[in-house]
Every structure is written in structure tokens, then in C-alpha cells.
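Each chain, letter by letter, is given below.
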Amino acid sequence: MQIRIIAPGIAAAILFAGAAQPLNAQQPDAAIDAVHEEIRALKSGAEEAFNLIGSSGSAGDIETILEYVHDDIVLVAMNGETVLGKQGIRDYFTDKMAGPEPTVSTVHHTFNVADLTKLYGDDTGVAYGDTIGSYELTNGMSFVVDAYWTATMVKEDGNWLLASFQFAPSIFENPLVDEAIGMVYRAAAIAGVIGLIIGFLLARLFLKRRGSA
């Protein structure tokens, strides 16, 4: 058996290197954690700003949400409309909520994140999750809708911003779809009743003519 004797100085260097390595390994993790904290702050601020305009319907509150979006943002809204750029965001919220003929009275969304943002390099991230939205329309209709969402974020001039955001409501669990289907059934039922009445009246008219002939 061959026994190797390590000099005390070499042994101390090996122990020091082994102890120091975990500290070095933690440095990238700490940097990544800091990035995720910045993205969480973006999510929190954008959600709060969205719900601010959703509750107030004030044109002045539209500018608040623009602080969290990129100049070239692409938004696919709940109604399927594609909105481009900050001016597009202004126009969209003005038309739907803050203009002279709004269609939405109030809206509130709770956005849930499914997982940590997927980072691509130092300045791009993709997040996704689900959301529960409560809507009150100016025509008196109100409903709650479940949807999914995806977001792309970019870091520009030291700040994380939303570069794209897309809503994806389910067509199978959707109160508007259910209401539309209900209207079709009601219309069909009404049409059926009207058809029966017309048929009854025509039958009576036919029998009356036969009786007088």
C-alpha cells in the first residue's frame, strides 16, 4: 500500500479552495435572483396600473400603465384585438373605457404566474400563467372569465418593460360564449313557438275554407 503525505500548506490550499467554491457558485444565483425580483416588481406595477384604469375609467390613469410597457409593445387584448405601441394602448383604453361611448364600465384582473420567468440572455424573459377577470359592461352585463396569458419582457436602459402581452380566453369555458349559445337556444325556442302558432292558424284557416266550400 502506498501512502501519500500532503504537505500542510498544500492541504490548507485544497481545503480553502473547496470552501471558497460554493461562495463563487452562489454569485451567479444571486444575480439571477435579483433579475427575478426586478421582473416581479414589473409584474406587480403593471397589474396595479391595469386595475387602476380598470376601476377608474379615467383617461389620466392610462399614462400610468404606459410606464411599464415598451415603446413598441404588442398587446393582444381579451377581445382579440391587436394593439401596437404606446399610442395604440392609449387609443384602446380610451375607446373601451375612457371615451365618450365606452363599452366597459369596470374591469379587474388577478394575474397568476405559473413558473419563474424563462430568461434568454441578460435582457429578455418570457412569462406565462392564468388570470381571473371580472367585467362590468356599460350595457349592464357583468361576468367573470378565466383566461391564460403570456408576456415577453425586455430590459432597456436598466429597466424591465413589457414588450408583448397576449390574453388567451378559453372558448369552452367562456361566459360570453355561454350567453351567445343561450341566445341561440332561446331564439330557436321562440321561433319554434311562433312556427306552431302560425301552423295552427293556417290549419284553422284551411279547415274553415273547406267547411264553407
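In every chain, residue numbers begin from 1 and rise along the written sequence. Local features in this predicted model are restricted to residues whose pLDDT is 70 or higher, and side-chain atom pairs enter the listing and the counts only when it is 80 or higher, whereas totals over whole chains, interfaces and linings include all residues. To get the side-chain values, all heavy atoms of the structure are used, and hydrogens and water are removed first.

### Here we look at the nonpolar core
Here is step 1: Think of a nonpolar core as a cluster: buried Ala, Val, Leu, Ile, Met, Phe, Trp, Tyr and Cys residues, connected wherever their side-chain atoms sit within 4.5 Å. The buried label goes to any residue with under 20% of its type's maximum accessible area, the exposed label to any with over 50%, and the partly exposed label to all in between, with areas taken from a 1.4 Å probe on protein chains only. If you look at the biggest cluster of nonpolar residues, it comprises 35 residues, and the most contacted ones within it are Ile89, Phe93, Tyr135, Met153, Leu162 and Phe165.
Here is step 2: By definition, any uninterrupted DSSP run of H or I lasting at least four residues is a helix, any uninterrupted run of E lasting at least two residues is a strand, and each is numbered from the N terminus. Take this core: its biggest share by element is 7 residues, from helix H1 (residues 8–56).
Here is step 3: If we ignore the near neighbours within four places in the chain, the residues touching Phe93 are Phe50, Ile53, Ile62 and Ala98. Working rule for contacts: check all heavy atoms of both residues, and any pair within 4.5 Å makes them a contact.

### Re the side chain of Asn51
Here is step 1: In this fold, Asn51 is placed in helix H1.
Here is step 2: What makes Asn51 buried here is its relative accessible area of 12%.
Here is step 3: Separated by 2.9 Å, the side chain of Asn51 and the backbone nitrogen of His109 make a polar contact.
Here is step 4: If we ignore the near neighbours within four places in the chain, the residues touching Asn51 are Val107, His108 and His109. The term polar contact refers here to a pair of N or O atoms within 3.5 Å; inside protein, the definition further demands a hydrogen-donor-capable atom paired with an acceptor-capable atom, and it admits residues adjacent in sequence only when both atoms are side-chain atoms.

### Looking at the side chain of His36
Here is step 1: As for its position among the elements, His36 is in helix H1.
Here is step 2: With a relative accessible area of 8%, His36 lands in the buried category.
Here is step 3: Contacts of His36, omitting those with residues within four sequence positions, involve Leu116, Thr117 and Leu119.

### Quick look at the confidence of the model for the chain
Here is step 1: What pLDDT expresses is the predictor's confidence in each residue, scored from 0 to 100. Mean pLDDT over the chain: 81, with 68% of residues reaching 70 or higher.
Here is step 2: In this model residues 1–26 is a low-confidence stretch, pLDDT under 50, and it forms 1 contact with partners more than four residues away in sequence or in other chains.
Here is step 3: When the criterion is pLDDT under 50, residues 175–187 qualifies, and its contacts beyond four places in sequence or with other chains add up to 8 contacts.

### A short note on the packing of aromatic side chains
Each pair of aromatic rings is reported with the distance of its centres and the angle of its planes.
Here is step 1: Two rings belonging to Phe, Tyr or Trp (six-membered ring only in the last case) form a pair when the distance between their centres is within 6.5 Å. Interplanar angles under 30 degrees mark stacking, angles over 60 mark edge-to-face geometry, and anything in between is tilted. With the rule as written, the count across this model stands at 9 aromatic pairs.
Here is step 2: Ring centres of Phe50 and Phe93 lie 6.1 Å apart, and the angle between their planes is 75°; on these two criteria the pair is classed as edge-to-face. Placement of the pair is Phe50 in helix H1 and Phe93 in helix H3 (residues 85–98), with a sequence separation of 43 residues. In this pair, the class of Phe50 matches that of Phe93, namely buried.
Here is step 3: Ring geometry for Phe50 and Phe111: centres 6.0 Å apart, planes at 80°, overall edge-to-face. Taken together, the residues span a long stretch of sequence, with Phe50 in helix H1 and Phe111 in strand E3 (residues 104–113) at a distance of 61 residues. We note that Phe50, like Phe111, is buried.
Here is step 4: Aromatic rings pair up to connect Phe50, Tyr92, Phe93, Phe111, Trp149, Phe165 and Phe167 into one cluster.

### Overview of the environment of Phe50
Here is step 1: Classification of Phe50 as buried rests on a relative accessible area of 13%.
Here is step 2: Measuring from C-alpha to C-alpha, the distance between Phe50 and Leu66 comes to 9.6 Å, with 16 residues separating the pair along the chain.
Here is step 3: Here Phe50 is in contact with Ile65, Phe93, Val107, His109 and Phe111, once residues within four sequence places are set aside.

### Things to note about unusual backbone geometry
Here is step 1: A positive phi angle, near 55°, is found at Asp157, a position not held by glycine.
Here is step 2: You can see Asp157 is positioned in the loop between strand E6 (142–156) and strand E7 (159–169).

### Digging into the pattern of salt bridges
Here is step 1: Definition used for salt bridges: Asp or Glu carboxyl oxygen within 4 Å of a side-chain nitrogen of Lys or Arg. Within the structure shown, the criterion is met by 8 salt bridges.
Here is step 2: Among the salt bridges present, the one from Arg40 reaches Glu37, with a minimum N-O distance of 2.6 Å. Residue Arg40 and its partner Glu37 are located together in helix H1, separated by 3 residues, close to a single helical turn.
Here is step 3: Taking the relative accessible area as the measure of exposure, Arg40 reaches 41% and is therefore partly exposed.

### Some remarks on the environment of Leu75
Here is step 1: Its place among the elements puts Leu75 in strand E1 (residues 69–76).
Here is step 2: Exposure remark for Leu75: the relative accessible area of 9% places this residue in the buried category.
Here is step 3: The sequence separation of Leu75 and Gln166 amounts to 91 residues, and the corresponding C-alpha distance is 5.8 Å.
Here is step 4: With near-sequence residues (within four places) excluded, Leu75 lies in contact with Glu81, Thr82, Val83, Ile89, Phe165 and Phe167.

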